[in-house]
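Single-letter residue listing:
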Amino acid sequence: MSELRTDRLVLRRWRESDLEPWAAMNADPAVREHLGDLLTREQSDASVERFQAEFDERGYGWWAVEAIASGEFVGFAGLDLVDEEMPFGGVEVGWRLARSAWGHGYATEAGRASLAFGFETLGLPEIVAVTTAGNLRSQAVMCRLGMTCDPADDFEDPGAPEGPLRRNVLYRMSRGSRA
Ligand SMILES: CC(C)(COP(=O)(O)OP(=O)(O)OC[C@H]1O[C@@H](n2cnc3c(N)ncnc32)[C@H](O)[C@@H]1OP(=O)(O)O)[C@@H](O)C(=O)NCCC(=O)NCCS
């Protein structure tokens, strides 16, 4: 399935017209605060090529998120394989929105649709979510979705530089625990 629909959003494959607003997000220090360095236009475009290739390979990945009412690209959400260097495996759910799209419930709405796809269509037994200890907005999305965290699962991201991006929290949801 290449598209998911919610009340206000469509999660769809990426289009050429998404590249510019995506690059603007990746150049915004507010969006990148908990993610790392700002991305150049080239790095931003390359990330979309990677998303498309992963999607083709696996049948899921990071969808572009569009607000139905305005037709505007507002960010991404979806599912990804946890990076190999992480101290756990599995599939993670995630979200990233343009600053102007925060505060509307879009990440929670897109996250809920992604979890439903992961559990119901892919039949995953568990989905995790990862963010830095300081990214309270993202953790609030995880909590709203009903995901739970155990401080014993906190970990150091081996790929992150020394500093505030290194300490990470892990949230989990199992298929059986969904409300
Ligand atoms: C993480 C991120 C996606 C969270 O965005 P967000 O807007 O805070 O989260 P939601 O989309 O779920 O919106 C929730 C907010 O919308 C409000 N809201 C307004 N209208 C709403 C509606 N109709 N339905 C639900 N919530 C609504 C909620 O009250 C809540 O407000 P609050 O933040 O004042 O409590 C966003 O901060 C972001 O993109 N950050 C940068 C990238 C990033 O860090 N990504 C995560 C990496 S792990």
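Right above here is the structure, for reference.
The paragraphs below set out a description of the structure included in this document. The model shown is predicted, which means the values in this text are computed figures rather than measured ones.

**Structural notes on the overall build of the protein**
Alright, step 1. Regarding its fold elements, the protein presents 5 helices and 9 strands.
Alright, step 2. Order of helices (α) and strands (β) in the protein, N terminus to C terminus: β-β-α-α-α-β-β-β-α-β-α-β-β-β.
Alright, step 3. A compact globule built from 179 residues would reach a C-alpha radius of gyration of about 16 Å, and the protein, at 15 Å, matches this within 12%.
Alright, step 4. Overall, the C-alpha framework of the protein stretches about 40 × 40 × 35 Å when taken along its three principal axes.
Alright, step 5. Burial analysis of the protein (179 residues in total) assigns 47% to the buried set.
Alright, step 6. For the protein, the proportion of contacts with a sequence separation of at least 24, taken over those separated by at least 6, is 60%.
Alright, step 7. When the accessible surface of the protein is summed, it comes to about 9100 Å², and 49% of that surface belongs to carbon and sulfur atoms.
Alright, step 8. Separation between the mean location of the 19 positive side-chain charges and that of the 30 negative ones in the protein comes to 5 Å.

**Quick word on the pattern of salt bridges**
Alright, step 1. Inspection of the entire model under this criterion finds 13 salt bridges.
Alright, step 2. Residues R12 and E66 are paired through a salt bridge, measuring 2.6 Å at the closest nitrogen-oxygen approach. Placement of the pair is R12 in strand β2 (residues 9-12) and E66 in strand β3 (residues 62-67), with a sequence separation of 54 residues.
Alright, step 3. Its relative accessible area of 13% is what places E66 among the buried residues.
Alright, step 4. In this structure, a network of salt bridges that share partners links the residues R12, R15, D18 and E66.

**Observations concerning the site of the ligand**
Alright, step 1. Lining the immediate environment of the ligand, one finds 20 residues, of which L97, G103, A107, T108 and R137 sit closest.
Alright, step 2. Between the ligand and W95 there is a distance of 3.0 Å, counted from a nitrogen atom to a backbone nitrogen or oxygen.
Alright, step 3. Here an oxygen atom of the ligand and a side-chain polar atom of R144 are 3.0 Å apart.
Alright, step 4. Those elements that place two or more of their residues in the shell around the ligand are β5 (91-97), α4 (106-121), β6 (126-132) and α5 (136-144).

**Some thoughts on the side chain of N135**
Alright, step 1. Tracing the chain through its elements places N135 in the loop between β6 and α5.
Alright, step 2. Owing to a relative accessible area of 13%, N135 belongs among the buried residues under this scheme.
Alright, step 3. Within the local environment of N135, its side chain forms a polar contact with the side chain of T131, the two groups lying 3.2 Å apart.

Cut-off values and rules
- Residues numbered from 1 in each chain as written.
- Predicted model: local features only at pLDDT ≥ 70, side-chain atom pairs only at ≥ 80, totals over all residues.
- Heavy atoms only, no water.
- Helix = DSSP H or I, 4+ residues; strand = E, 2+ residues; numbered from the N terminus.
- Rg over C-alpha atoms; globule rule 2.2 N^0.38 Å.
- Buried < 20%, exposed > 50% of the residue type's maximum accessible area, 1.4 Å probe, protein only.
- Contact = heavy atoms within 4.5 Å.
- Areas by Shrake-Rupley, 256 points an atom, 1.4 Å probe, with all protein chains shown as cover.
- Lys, Arg positive; Asp, Glu negative; His and termini not counted.
- Charge placed at Lys NZ, Arg CZ, Asp CG, Glu CD.
- Salt bridge = Lys/Arg side-chain N within 4 Å of Asp/Glu carboxyl O.
- Near = heavy atom within 4 Å.
- Polar contact = N/O pair within 3.5 Å; in protein donor to acceptor, adjacent residues only side chain to side chain.

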